[in-house]
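Chain by chain, the residues run as shown.
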Amino acid sequence: MGQLYHHSCFTCSVCSQLLQQQPFYSVSDQLFCEDHFMHSQVHYSKETCDSCGFLIKDTVLQAFGYCYHPACFCCVVCLQSLEGTQFCLDSENRVYCLKDYYRYIAPACATCGLPILPAQGSLVTERVVSMDRDYHVDCFHQGTEVVFKS
């Protein structure tokens, strides 16, 4: 840094907060308080959280090419932390716990109206898609009528 400042001039270039006795950053002859340095594009780390936008200083959780603080990687519905657990993404890459994904996003069967979920203990969902409608495998077979013409 190599510069001297009056007490009243030693301030963040964004918010004008006095920087004496607190962490600060000097980039290209500009001073930044810690908050504005973390939210600006001047910091050198590319590891910013794709959820909150803050710089990630410690553990980086990566999922599908995105970086998160472990506390920020949570279900968009119930806000439960998903670190180390199974999760699903919707078509807009929003993250859900399995329970909320199945409740709000899973397709509903056109015959019975219930959500089409994986079998107990499985992660794979089996369904039939016909004429842009979703069916449980059993519901589709039950509702299918075979007509023979002579």
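For the structure itself, look to the data block above.
In this text the structure is predicted, and so the values were computed from the model without any measurement.

Visitor: Any chance you could explain the overall build of the chain here in plain terms?
Guide: Within the chain, the secondary structure is distributed over three helices and eight strands. Its helices and strands in sequence order give the chain the pattern β-β-α-β-β-β-β-α-β-β-α, from N to C terminus. For the chain, the proportion of its 150 residues judged to be buried stands at 29%. Long-range pairs, those at least 24 residues apart, make up 12% of the contacts in the chain between residues at least 6 apart in sequence. By element, 51% of the accessible surface of the chain is carried by carbon and sulfur atoms, the whole surface being about 10,900 Å².

Visitor: Please explain the pairing of strand β1 (residues 24-27) as it appears in this structure.
Guide: The side chains of a regular strand alternate, residue by residue, between the two faces of the sheet. One ladder, built from four bridges, connects β1 with strand β2 (residues 30-33); its direction is antiparallel. Directly across from Y25, in β2, lies its bridge partner F32. Hairpin connection from β1 to β2: two residues lie between these consecutive antiparallel strands, with S28 at a positive phi of about 50 degrees.

What counts and how
Residues numbered from 1 in each chain as written. Predicted model: local features only at pLDDT ≥ 70, side-chain atom pairs only at ≥ 80, totals over all residues. Heavy atoms only, no water. Helix = DSSP H or I, 4+ residues; strand = E, 2+ residues; numbered from the N terminus. Buried < 20%, exposed > 50% of the residue type's maximum accessible area, 1.4 Å probe, protein only. Contact = heavy atoms within 4.5 Å. Areas by Shrake-Rupley, 256 points an atom, 1.4 Å probe, with all protein chains shown as cover. Pairing = 2+ DSSP bridges.

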